[in-house]
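Fold and geometry: a report
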Amino acid sequence: MIFLNKFSKLSRLQISKPLLRILPVAQMHHNAPRLHPTPPFKFSFSTSSKLLHSEDPSLPPGTIPVHFVLKDGSVVTALGRDGEVALRLAQRYDVPMEGACEASLACTTCHCYVEQDRYYDMLPEATEDEEDLLDKAPFLDMTSRLGCQIVLTEEMGDITLRLPRATANFYVDGHVPQPH
């Protein structure tokens with residue numbers, strides 16, 4: 001009760017100085033060691049090929065034509081790089097292939113259909129994780145794949161990827177990630 005009484009008196013005071021200047025500062029003992037920040041170490045760890053990292057805008061635009069068929073039927077033609085992931089290519093060309101999990105194989109928002117069978121057959125078989133996610137994708141089709149798992153090669157020139165009429169994004173706030 002005494003605390004509440006003192007607190008209510010303090011709350012009516014108007015303090016002109018910042019509160020941090022009023023509070024006492026603990027003094028370090030003069031013999032105590034001082035810690036100094038050290039420069040960060042520069043290590044380069046990567047388990048993937050450098051060809052799969054295509055976000056660098058200083059790289060050339062690419063030579064592999066990829067056609068994205070949008071939900072409204074319009075077609076966007078993009079030039080991909082050898083080793084580039086279809087999701088990143090779509091993001092570079094502002095194709096609305098979402099990729100909510102940022103290509104970590106944890107969602108289905110980059111779901112697409114590989115239009116031509118010959119290109120679908122060129123792709124490596126879907127992993128069990130990709131198949132499990134595709135089972136959750138709306139409007140699943142025989143040629144459904146996740147855009148984050150399609151790695152472009154020179155042989156895939158003129159591949160056509162069609163976006164489904166809807167995807168399932170489980171973010172409540174409608175978060176759409178931006179590539180970094």
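Here the structure is shown first, and the text comes after it.
This text gives an overview of the structure that appears in the document. (Residues numbered from 1 in each chain as written. Predicted model: local features only at pLDDT ≥ 70, side-chain atom pairs only at ≥ 80, totals over all residues. Heavy atoms only, no water.)

**What about the overall build of the protein chain?**
- When you go through the protein chain residue by residue, the secondary structure sums to 5 helices and 5 strands.
- The secondary structure elements of the protein chain, listed N-terminal to C-terminal, are α-α-β-β-α-β-α-α-β-β.
- Looking at the protein chain residue by residue over its 180 residues, the buried ones come to 32%.
- Sequence-distant contacts, at least 24 apart, represent 64% of the contacts inside the protein chain between residues at least 6 apart. (Helix = DSSP H or I, 4+ residues; strand = E, 2+ residues; numbered from the N terminus. Buried < 20%, exposed > 50% of the residue type's maximum accessible area, 1.4 Å probe, protein only. Contact = heavy atoms within 4.5 Å.)

**Section: the environment of Val 151**
- When you line up the elements, Val 151 lands in the loop between strand 4 (144–146) and strand 5 (159–162).
- Once the C-alpha coordinates of Val 151 and Gly 80 are considered, the two residues, 71 residues apart in sequence, prove to be 9.9 Å apart.

**Thoughts on the sheet that holds strand 2 (residues 75–80)**
- In space, the 5 strands of this open sheet follow the order 2-1-5-3-4, with mixed pairing throughout. Among the strands making up the open sheet, the edge pair consists of strand 2 and strand 4. On average, adjacent strands in this sheet sit at an angle of 35° to one another, irrespective of strand direction.
- Of the strand pairs in this sheet, strand 3 (residues 111–114) and strand 5 are connected by 2 bridges, and their pairing is antiparallel. When the sheet's bridge partners are listed, Tyr 113 is paired in strand 5 with Arg 162. (Pairing = 2+ DSSP bridges. Axes fitted to C-alpha atoms, helices over the stretch in contact; angles between N-to-C directions.)

**Let's talk about the environment of Leu 140**
- As for its position among the elements, Leu 140 is in the loop between helix 5 (128–134) and strand 4.
- Considering only alpha carbons, one finds Leu 140 and Cys 112, 28 residues apart in sequence, at a separation of 9.1 Å.
- Setting aside residues up to four positions removed in sequence, Leu 140 forms contacts with His 111, Leu 134 and Asp 135.

**A look at the side chain of Thr 109**
- Residue position: Thr 109 is located in the loop between helix 3 (86–92) and strand 3.
- A distance of 3.1 Å separates the side chain of Thr 109 from the backbone nitrogen of Gly 99, its partner in a polar contact.
- At 2.7 Å, the side chain of Thr 109 forms a polar contact with the backbone nitrogen of Ala 100.
- Setting aside anything within four residues of it in sequence, one finds Thr 109 in contact with Met 97, Glu 98, Gly 99, Ala 100, Thr 167, Ala 168 and Asn 169. (Polar contact = N/O pair within 3.5 Å; in protein donor to acceptor, adjacent residues only side chain to side chain.)

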